[in-house]
Amino acid sequence: MKIPNRFLPIFALVIACFLQAGGSTACADDEKVDAGPPPTPEEAKAVEELSKRGVRADQLASGINWRYVNFRGADKPDGALYEQLKSIPSIVELSLAGMQFAPADLANVSGLKNLSVLNLSKTNVTDEGLAAVENLDKLSSLNLFSTGITDAGLDHLSHLKSLRRLYLAETKVTDAGVETLKKSLPEAQINRGAELPPPPAPAPAPKPAEDKPAPPAPKPEEKKPEPAPPPKPPEEKPAPPAPKPEEKKPEDKKPEPPAPKPEEKKTEEPKG
């Protein structure tokens, strides 16, 4: 089971106690778990005000006065709400992730001397605003993921000797700034996330299209004269029937003269 970060100091102390005493109860008598100072009336009132506005302000465990505060469910956080923080010195873990605030609002955490974990990811924190954390001697974890922090903001962190984890992914911090901070905090693990490739160069703006003359409208198709049909071959008329030989009418025929009869010898009559 993974133990939340806010419980680690307490569990570490308990385990160390048992290891030193060999599991005996003698250690419990000598070194009791630090439950934190009891809340003052002013602190109890500030916790109540935070809760009314949707802010979680929970004790780490039953009988433990140290608190974990998270603004994630805050109802329209304003300067008056952030001001309640300076009245709760028992805060050891504070999350303002995703919030929008002024540098003066963040300045309310400068008096939280027991603060060990601070989450400012995706906020509008500025380089100047980080001046609020430069004197938090017990701060061991600081999350500045996706903020506008630059190398100038890192100067406010160089005195945090307890700082062990610093998250700087998606910020404007440079390699040179990180190397300078490492010289002051050699034991701090600085996480800059995966190195992203540089953004591609913007594509040149397309040239305005030249107005090309509109193509001429297509001419209406000229109807080609239809070829004249080939002349029909002259119809072959049937040849007229051959004229029949004229038949001579009978009346037209002249009777042929009868063939001359042979002359008959006349018998001479006897004389006498």
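What you see as residue numbers is a count from 1 along each chain, following the sequence as written. Local features in a predicted model are, by the rule used here, given only for residues with pLDDT of at least 70; side-chain atom pairs are given and counted only at 80 or more, and totals for whole chains, interfaces and linings are based on all residues. Side-chain measures were taken over the full set of non-hydrogen atoms in the model, leaving aside hydrogen atoms and water.

What to know about the overall build of the protein chain
Quick reminder of the rule: Helix and strand assignments follow DSSP, with helices taken as H or I runs no shorter than four residues and strands as E runs no shorter than two, numbered in order from the N terminus. Should any heavy atoms of two residues lie within 4.5 Å, those residues are considered in contact. To be clear on the numbers: accessible area is Shrake-Rupley with a 1.4 Å probe, and residue cover counts the displayed protein chains and nothing else.
Looking only at helices and strands, one finds 7 helices and 7 strands in the protein chain. Overall, the protein chain shows an N-to-C arrangement of helices and strands of α-α-α-β-β-α-β-α-β-β-α-β-α-β. In the protein chain, the share of contacts with a sequence separation of at least 24, taken over all contacts with a separation of at least 6, comes to 49%. With an accessible surface of roughly 20700 Å², the protein chain has 56% of that area assigned to carbon and sulfur atoms.

Digging into the pattern of salt bridges
To keep it simple, the criterion reads: Just to be clear on terms, a salt bridge is a Lys or Arg side-chain nitrogen sitting within 4 Å of an Asp or Glu carboxyl oxygen. Each residue's exposure class comes from its accessible area (1.4 Å probe, protein chains only) as a fraction of the maximum for that residue type: buried when under 20%, exposed when over 50%, partly exposed otherwise.
Within the structure shown, the criterion is met by 7 salt bridges. Among the salt bridges present, the one from aspartate 58 reaches arginine 56, with a minimum N-O distance of 2.6 Å. Overall, the relative accessible area of 30% leaves aspartate 58 in the partly exposed class. Connected through shared salt-bridge partners, Glu48, Glu49 and Lys52 make up one network.

Side note on the packing of aromatic side chains
For clarity, the cut-off: A pair of Phe, Tyr and Trp rings is counted when the ring centres sit within 6.5 Å of each other, with Trp represented by its six-membered ring. The angle between the planes then sorts it: under 30 degrees is stacked, over 60 is edge-to-face, the rest tilted.
In the structure shown here, the tally under the stated rule is 2 aromatic pairs. A centroid spacing of 5.2 Å and a plane angle of 0 degrees characterise the contact between phenylalanine 71 and tyrosine 82, whose relative ring orientation is stacked. Pair noted here: phenylalanine 71 is in the loop between strand 2 (67-70) and helix 4 (79-83) and tyrosine 82 is in helix 4, with a separation of 11 residues, a long-range link. Each member of the pair phenylalanine 71 and tyrosine 82 is classed as buried. Feature note: the residues Phe71, Tyr82 and Phe101 constitute an aromatic cluster, connected by ring pairs.

Quick notes on the side chain of aspartate 105
To be explicit about the condition: Positive: Lys, Arg. Negative: Asp, Glu. His and the chain ends are not part of the count.
Of note, aspartate 105 is situated in helix 5 (residues 103-106). Buried within the structure, aspartate 105 lacks any salt-bridge partner; its nearest side chain of opposite charge belongs to lysine 86, at an N-O separation of 10 Å. Here aspartate 105 is in contact with Gly79 and Tyr82, once residues within four sequence places are set aside.

Things to note about the sheet that holds strand 6 (residues 165-167)
Let me state the cut-off plainly: Strands are labelled as partners when DSSP assigns at least two bridges between them. Under this scheme, a helix contributes an axis fitted over its contacting stretch, all axes are lines through C-alpha atoms, and angles between N-to-C directions fall in the 0 to 180 degree range.
Spatially, 7 strands are ordered 1-2-3-4-5-6-7 in an open sheet, and the strand pairing comes out mixed. Only two strands of the sheet have a single partner each, and these edge strands are strand 1 (56-59) and strand 7 (189-191). Averaged over all neighbouring strand pairs, the angle between strand axes comes to 10 degrees, with direction disregarded. Pairing analysis gives 4 bridges linking strand 2 to strand 3 (residues 91-95), with the strands arranged parallel.

So, helix 7 (residues 175-184)
Heads up, the rule is: The reported arc concerns the directions from the helix axis to the C-beta atoms and nothing else.
Among all positions in helix 7, only Gly177, Val178 and Leu181 are buried. Projected down its long axis, helix 7 shows its buried positions confined to an angular sector of 95 degrees, all on one face. Residues Asp175, Ala176 and Lys183 are exposed on helix 7 and point more than 90 degrees away from its buried face. If you follow the buried residues of helix 7, they end up packed against helix 6 (151-154), strand 6 and strand 7.

Quick look at helix 3 (residues 41-52)
The test is simple: For a helix, the expected span equals 1.5 Å multiplied by the number of residues minus one.
The end-to-end C-alpha separation of helix 3 is 17 Å, in line with the 16 Å expected for 12 residues at 1.5 Å each. Looking at the packing, one finds that the buried side of helix 3 touches strand 1, strand 2 and helix 4.

Describing the confidence of the model for the protein chain
We apply this condition: Per-residue confidence from the predictor is reported as pLDDT, a score between 0 and 100.
Mean pLDDT for the protein chain: 80, with 63% of residues reaching 70 or above. Residue range residues 13-30 is modelled with pLDDT below 50. Its contacts to residues more than four positions away, or to other chains, number 13 contacts.

Describing the environment of threonine 171
Selection rule: N or O atoms within 3.5 Å of each other form a polar contact, as long as, within protein, one can give a hydrogen and the other can take it, and as long as residues adjacent in sequence are counted only when both atoms are side-chain atoms.
The topology assignment puts threonine 171 in the loop between strand 6 and helix 7. Overall, threonine 171 belongs to the buried group, its relative accessible area being 19%. Along the primary structure threonine 171 and threonine 147 are separated by 24 residues, whereas in three dimensions their C-alpha atoms are 5.4 Å apart. In this structure threonine 171 touches Leu144, Ser146, Thr147 and Ile149, once residues within four positions along its chain are discounted. One polar contact links the side chain of threonine 171 to the main-chain carbonyl oxygen of leucine 168, over a distance of 2.7 Å. Reaching out from threonine 171, the side chain makes a polar contact with the backbone nitrogen of valine 173 at a distance of 3.4 Å.

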